[in-house]
Amino acid sequence: MDVIFKESSQDKRAQLRKKAMRLPLQPGVYLMRDASGRIIYVGKAKALKNRVSQYFGSDKNHDEKVRRMVSQVEDFETIITDSEFEALILECSLIKQHNPKYNILLKDDKGYHYIKISKGPWSKITEAKGNEVKEDDGAQYIGPFISSWAVRESVDEVRKIFRLPSCNRRFPQEMGKGRPCLNYYIKQCCAPCRGHINEKEYRESVQEAVEFLQGGSSASLKLLTEKMDEAAEALEFERAAKIRDRISAIKKVAEKQKVVSFKVQEQDVIALAQGSNAEGRTVACAEVFRFHSGRLYDRETFLLGEIGDMEQAREEFLEQYYSIRDQIPPKISLDGEAADTPLLEEWLTKKAGRKVSILVPQRGEQAQLTEMCRNNAAEHLAQSAGRSGKETSALDELSRLLGLAHPPIRIESYDISNLAGGENVAGMVVFQNGKPLKSDYRKFKIKGFEGQDDYASMREVIQRRFGEYVSHQEQGNVEGFGQLPDLILLDGGKGHVAAVRPVLEAFGLDVPLFGMVKDDKHRTRAITGDGGEISIHSHRRAFTLVSTIQDEVHRFAIGYHRQQRKKKTLASELTQIPGIGKTRAAALFQYFRTLSSIQDATMEELAAAPSMNQPAARKVYAYFHPSDES
C-alpha cells in the first residue's frame, strides 16, 4: 500500500510539472492549493514557467519547509500580470485575503494605547488599552498612541523620575499597612504607603509627571528649573534640592533614550534570527527597531515559525510588515540581503509617496544597529524556547557565516592526539543548542595502522562514527550515534577536510564539514572548508562558540591520550614482575582501575582478579610489599 502511495505521489508531481512547463515566461502570481482546495501558498514570479516548475522538479535544492509544502500541493493556478511590480501588489493583496499556511503571516494587533491618570488625590499613572478607556470613570487619558511598547516605556520612565508608586496598594486606605517595597529603598518611589509624602506634595508630583508626558523633557526641564530657582530664592533649600534631583533624573533618561546616535534620524532596522523551539524544530524570529529624531520610539517582535531561505523570508516579511503599516521611513536597514530588493524599494516608494531605500550595512554604526537588532531577535527566540539568547545568537551568526540553511542544533567536533605516533587516539565532543552534551562524547582508539598519520586517523574515526550511524538507523535507534549532526568541525585545516570529505560522500551524507584553524599560539584563527579560510574574528559570538568547541575537543582528546599513556606506563611496570605478561597486566588494570588499588590489594583480592592465580598473586603482592616477604 505504501508503494502505491509513493508512486501516486510521484505521478502527481510529474503531472504538476508538466502543467507548469506549459506556463508562459511572463510575470504573475501563483496560488498553490491542497486536496481540499484551500490556498496554502501565494507567490510571485518574474517568469511563471521557470519559478513554478522548480517546485515540482528535484527536491534536493529545496529546504524542509518547501518540501513539506510541495508534498501537500494538489493543484495550482496562476494570474498573469503586466509587470513584476503588479505581481508584487497582487501577491500582497492575496496573502492578506487568504492567509495561506506557508506564507509568512503577520497580524496587525497594534490597536491604540493610552496613558491613564486615575481619579482622586492619590492618582496613579498606568497604561491602558483602547478597549479599557471609559469616559465616565473620571480618569485623565493621554493618547492615543500606536505603540504599546512606547506607552509602557513612558509610564515606567515617568514613575522613576517623579518617584510615583507602581504597586497595587490603594491610598489612603492602605497607608501604614505593611513595609515599603524595594522601589522606596532604591529611591524610585516616594512611599505614600508609609506617609513619607503628604497629599499636596504627591498631587504636585503627579501634575509635574503629566506635564512631562504632555510637553516632553525640554518643556519639563524649563518649568522645573524655574520652580527650583523660585524655591532657592525663597530659601526653601530642601524643596529646591528635590527639584534638582528630578531635573537630573530627566536628563539621565533623555541621555538613555539617545543611546544610538543623533545620526539615526527616521529609519527602521529589521533583523531575522533562527533557532530551535522547545520541540527541536528550526524556527525564526523577526525584530523591528523604529527610530525617529535620534530616538528608539518603538520595537516589535514577530515569531515567524519555519521560514526556509533567508533572502526570501526577508522579502516576505517586508511585504507583510509594510502592508499593515502606514508609516514607512525613508531608510530601512536589514541584517542581510532580501530577494527582489529593487522591486521592494519601488513598491515602498510608491506606498510612502517619497523615496525609500533598503540597505544592508557592512560596517560602522548601522552595522552595529542591525547586530543589536538581531541579538534581540535571538534573545526573544531563546526565551520562547527556555534557552539562553547568547547561544541562540551565536548559532545563528555561525550559520550565516558558513552559509548553512539553518542554525546547527547538533555540532560534532573531532580531534586526534598522539605522541610521535604512539597511543594514537581521537576524541569526539557534541554541542547541542550551543552547549556541551557530555553524555554524547565519545573516545576512539586508532586501530587501522601504526605510526603517525593524522589524515588517516581522522578518516578512520569518521568512517567508524558514521558506520555506527548506519547501524543505528537499521535498528531504529535515533539516540547517540543514531543522530545525524547539523555540522562537523574538525580540529585541523583544509587537508583534514579534504581527507574526510570522501568518507561522507561514500555514505551518501550531505553534512556541512569544516576545519578549525589555529594560529602559532594554538588559538582559533579561522574556519576552513573546500573553498578556503573564513575569518571569524569580526563575528564575536560565533568566534567565542567555535573557540570553546575547539578548546573542548582538544582537552577531551588529549586527556584520553594521557590516560592511555599512563595505563601503558603502569602496565609496563607490572610486566617487570615475573609471571605477569601484557594480558595479565591489562586484566589487573581493568579490574582494579588504578595502580594504587593494586598496591593496596590483599593477596586474596589479587588472586580473585581475572587471569590471575595464587602463584601470580603472590608475586605481585611480593613486588609491592617486599618487607612482608623478608
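Everything here concerns the structure above.
Residues numbered from 1 in each chain as written. Predicted model: local features only at pLDDT ≥ 70, side-chain atom pairs only at ≥ 80, totals over all residues. Heavy atoms only, no water.

Draft legend 1. Local environment of the nonpolar core. Ranked by size, the top nonpolar core spans 30 residues in total, and within it Ile270, Leu304, Phe317, Leu318, Tyr322 and Ile332 carry the most contacts. Broken down by secondary-structure element, the contributors of at least two residues to this core are α4 (84-98), β7 (267-276), β8 (282-292), β9 (295-305), α9 (310-323), β10 (331-334) and α10 (341-352). In terms of residue count, α9 provides more of this core than any other element does, 6 residues in total. Setting aside chain neighbours within four positions, we find Leu318 in contact with Ile270, Ile332, Leu334, Ala338, Leu344, Trp347 and Ile358. (Core = buried A, V, L, I, M, F, W, Y, C linked by side-chain atoms within 4.5 Å. Buried < 20%, exposed > 50% of the residue type's maximum accessible area, 1.4 Å probe, protein only. Helix = DSSP H or I, 4+ residues; strand = E, 2+ residues; numbered from the N terminus. Contact = heavy atoms within 4.5 Å.)

Draft legend 2. Spotlight on the pattern of salt bridges. In this structure the tally under the stated criterion is 25 salt bridges. Salt-bridge contacts for Lys44 lead to Glu315; the nearest nitrogen and oxygen are separated by 2.1 Å. Linking Lys44 in strand β2 (residues 39-45) with Glu315 in helix α9, this pair joins segments that are 271 residues apart in sequence. Taking relative accessible area as the criterion, Glu315 reaches 1% and is therefore assigned buried. Salt-bridge contacts for Lys44 lead to Glu319; the nearest nitrogen and oxygen are separated by 3.6 Å. Placement of Lys44 in strand β2 and of Glu319 in helix α9 is noted, with a sequence separation of 275 residues between them. Comparing Lys44 with Glu319, the two get one shared label, buried. (Salt bridge = Lys/Arg side-chain N within 4 Å of Asp/Glu carboxyl O.)

Draft legend 3. Broad picture of the sheet that holds β9. Ordered in space as β9-β8-β7-β10-β11, the 5 strands form an open sheet in which the pairing is mixed. Edge positions in the open sheet fall to β9 and β11 (357-359), since each of these has one partner strand only. Neighbour to neighbour, the strand axes of the sheet diverge by 20 degrees on average, direction disregarded. Pairing of β7 with β8, which is carried by 10 bridges, proceeds in the antiparallel orientation. Its bridge partner being in β8, Ala271 is matched across the sheet by Glu287. In the packing of α10 onto the sheet, contacts are made with β10 and β11, and the angle to β11 comes to roughly 145 degrees. (Pairing = 2+ DSSP bridges. Axes fitted to C-alpha atoms, helices over the stretch in contact; angles between N-to-C directions.)

Draft legend 4. Region of the structure containing the packing of aromatic side chains. Under the defined criterion, the tally for this structure stands at 16 aromatic pairs. On the basis of an interplanar angle of 20 degrees and a centroid distance of 5.8 Å, the ring pair of Phe56 and Phe76 is categorised as stacked. Highlighted residues: Phe56 in the loop between α2 (48-55) and α3 (64-71) and Phe76 in strand β3 (residues 75-80), separated in sequence by 20 residues. An identical accessibility class is assigned to Phe56 and Phe76; each is buried. Taken together, Tyr30, Tyr41, Tyr55, Phe56 and Phe76 form an aromatic cluster joined through their ring pairs. Across from the ring centre of Phe481, 5.4 Å away, lies the NZ or CZ of Arg442, which sits over that ring. Cation over ring: Arg465 sits above Phe466, and NZ or CZ is 4.5 Å from the ring centre. (Phe/Tyr/Trp six-rings, centres within 6.5 Å; stacked < 30°, edge-to-face > 60°. Lys NZ or Arg CZ within 6 Å of the ring centre and 35° of its normal.)

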